[in-house]
Structures are given as structure tokens and as C-alpha cells.
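Fold and contact review
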Amino acid sequence: MPLHGLLIAAAFAQSSMNQEAGVATSYVRGGGFDGPGVAVHYLWAPTDSFALGPMVDVAYLSSGLSAGNRLPANYAFTSTFAGGLFLLRLPLRAVEPYAGLALGYVHAAQQRSVNTQCGLGSGFGGLLAAGFRAGVSDQFTLGLRGSARSAAFEQACSATAGPAAFDVPVLFALSSTLDYRW
């Protein structure tokens, strides 16, 4: 009987899993493009040192461009990254520095194109992030994060004279973060 009691107690024992949901608001820049961004994540942390889970990062970017035909040119797009995030954390007393790597899918959606000859394509992408956060209560943390990720999987430009061309190799973001842990 003692073994059965131990197994039942273990089955109903409080789990030591640490879960976290967070949001980050960002200023994003890549090439001559800039705009606002927002990211959300849900993480499961089996230990204090690392966590993993899904994340979504969305940025709306636009730019005025100079065209060879001297006509006004501009381009705007939304870049959405969805993937799995692996976070390494260093849980110190007052502040928690961390670094993350995410791999997944990036979707580039054209919002506006005036007198341009380029377009962006969707596909595989990645994200690198580093930052720190500090606890403001037992469950809430505030922090700052810097990140770099692919804006699109590919870029295609027609070789024509006149319309504007552009290049957006990497998106850099500076973010403020809010996380809730339970």
C-alpha cells in the first residue's frame, strides 16, 4: 500500500515546470526601411537556464526610394516570422541576461509598391536575440532585447532602367519586453 500512496501523491504533485508568455514592442530597421514591430512568445522552461517554445514576430516596414527615372518611388511590406525559439538564460538575483535562437518560416507580404522593380519572397528564416530582464514582481518581468532576423527568404529584382531597386538583407530590432511567468 505505501507504494500506491506514493505513486498517487506523485501524480497529483505540483509540477516544477516554469511557463512564460511574453510580448515585445519594437523599432525595426533594415536597409533603408524602418517601422514598428511586435513579437509574442510562449515558453516552457524545464530548468532555470533554458526554455523553448513557439514565437511570432511581425514588422511593418516602409521606405521612400530614389528611382533612376526621377519619379517618386516607395515600397512597404509586412514581414512575419513564425518559428520555434530556444532561449538560454542566466538567472541572476536582480537581472536575467539571455540569448535566443529561433528557426522557422518568414512570410513577406507587399503592402505598397510605387515605381519599384523588386519583390520579396517567403520561406525559411531565422532569428537571433539577446537581452536582459528584471523582475518587477514574482510573476512579471520587464526588459530590453535586441534581435536580428531575415526580412524575407528571397528578393527578386528586374534588371530594368528607371524604377527603384532596394535591398533588405537583415532586420534589426530594439524591443521593450513584458513577460508573465507561472
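Since we're looking at a predicted model, the values are computed, not measured. (Residues numbered from 1 in each chain as written. Predicted model: local features only at pLDDT ≥ 70, side-chain atom pairs only at ≥ 80, totals over all residues. Heavy atoms only, no water.)

**Examining the nonpolar core**
To be explicit about the condition: Here, nonpolar core refers to any group of buried Ala, Val, Leu, Ile, Met, Phe, Trp, Tyr and Cys residues whose side-chain atoms link them within 4.5 Å. When accessible area is computed with a 1.4 Å probe and restricted to protein chains, residues below 20% of their type maximum are described as buried, those above 50% as exposed, and intermediate ones as partly exposed. Helix and strand assignments come from DSSP, with helices taken as H or I runs of at least 4 residues and strands as E runs of at least 2, each series counted from the N terminus.
Counting residues in hydrophobic clusters, the biggest one holds 19 residues, and the most contacted among them are Phe77 and Phe166. Among the elements of the structure, strand S3 (50-66), strand S4 (72-89), strand S6 (118-121) and strand S10 (170-181) are those that each provide at least two residues to this core. The next biggest cluster of nonpolar side chains, apart from the first, holds 12 residues, and it includes Ala45, Ala51, Leu85 and Val106.

**Brief notes about the packing of aromatic side chains**
This is how the line gets drawn: Pairing of aromatic rings covers Phe, Tyr and Trp, the last counted by its six-membered ring, and requires centre-to-centre distances within 6.5 Å; plane angles under 30 degrees mean stacked, over 60 mean edge-to-face, and any other angle means tilted. Either the NZ atom of lysine or the CZ atom of arginine qualifies as a charge over a ring when it sits within 6 Å of the ring centre and within 35 degrees of the ring normal.
Under the defined criterion, the tally for this structure stands at 7 aromatic pairs. A centroid spacing of 5.1 Å and a plane angle of 50 degrees characterise the contact between Phe140 and Tyr180, whose relative ring orientation is tilted. You can see Phe140 sitting in strand S8 (residues 140-150) and its partner Tyr180 sitting in strand S10, a full 40 residues away along the chain. Members of the aromatic cluster, each reached through a chain of ring pairs, are Tyr42, Phe140, Tyr180 and Trp182. Taking the ring centre of Tyr98 as reference, the NZ or CZ of Arg133 above it sits at 4.8 Å.

**So, a nonpolar patch on the surface**
The line we're drawing: Like charges within 9 Å and nonpolar side chains (Val, Leu, Ile, Met, Phe, Trp, Tyr) within 5 Å are joined into patches, using only residues over 30% in relative accessible area that form no salt bridge. Reported accessibility uses the Shrake-Rupley method at a 1.4 Å probe radius. Residues are deemed covered only where the shown protein chains occlude them. We define a salt bridge as a side-chain nitrogen of Lys or Arg found within 4 Å of a carboxyl oxygen belonging to Asp or Glu.
Among the surface-exposed residues, Val23, Val38, Val40, Val56, Val136, Phe140, Leu142 and Leu178 lie close enough to one another that they form a single nonpolar patch of about 600 Å² accessible area. Contributions of two or more residues to the nonpolar patch are made by strand S2 (33-45) and S8. Relative to the helices and strands, Val136 resides in the loop between strand S7 (123-135) and S8.

**Some thoughts on empty space enclosed by the protein**
Defined as follows: Buried and open spaces are told apart on a 1 Å grid over the protein atoms alone, a cavity being a set of points where a 1.4 Å probe fits but cannot get out and a pocket being an open set with protein on both sides within 12 Å along at least five of seven lines. Residues with an atom within 4 Å of a point are the lining residues. Grid points are joined across faces, edges and corners, and a volume is the space filled by probe spheres set on the points. Residue classes follow a fixed rule: Ala, Val, Leu, Ile, Met, Phe, Trp, Tyr, Cys and Pro count as nonpolar, while Asp, Glu, Lys and Arg count as charged, and any other residue, Gly among them, counts as polar.
This structure, assessed with the given rule, holds 2 cavities of 30 Å³ or more. Considered as a void within the structure, the largest cavity measures approximately 160 Å³ in volume. Contributing to the lining of the largest cavity are 19 residues, with His41, Leu85, Tyr98, Arg145 and Thr177 lying nearest its centre. Of all the elements in the fold, those that place two or more residues in the lining of the largest cavity are strand S1 (18-30), S2, S4, strand S5 (96-114), S7 and S10. When its residues are assigned to classes, the lining of the largest cavity shows 11 nonpolar, 4 polar and 4 charged. Of the pockets and cavities examined, the second largest cavity occupies roughly 70 Å³. As for the second largest cavity, its lining consists of Ser26, Val28, Gly37, Val38, Asp57, Val58, Leu127, Ser147, Ala148, Arg149, Leu171 and Ala173. The class makeup of the residues in the lining of the second largest cavity is 7 nonpolar, 3 polar and 2 charged.

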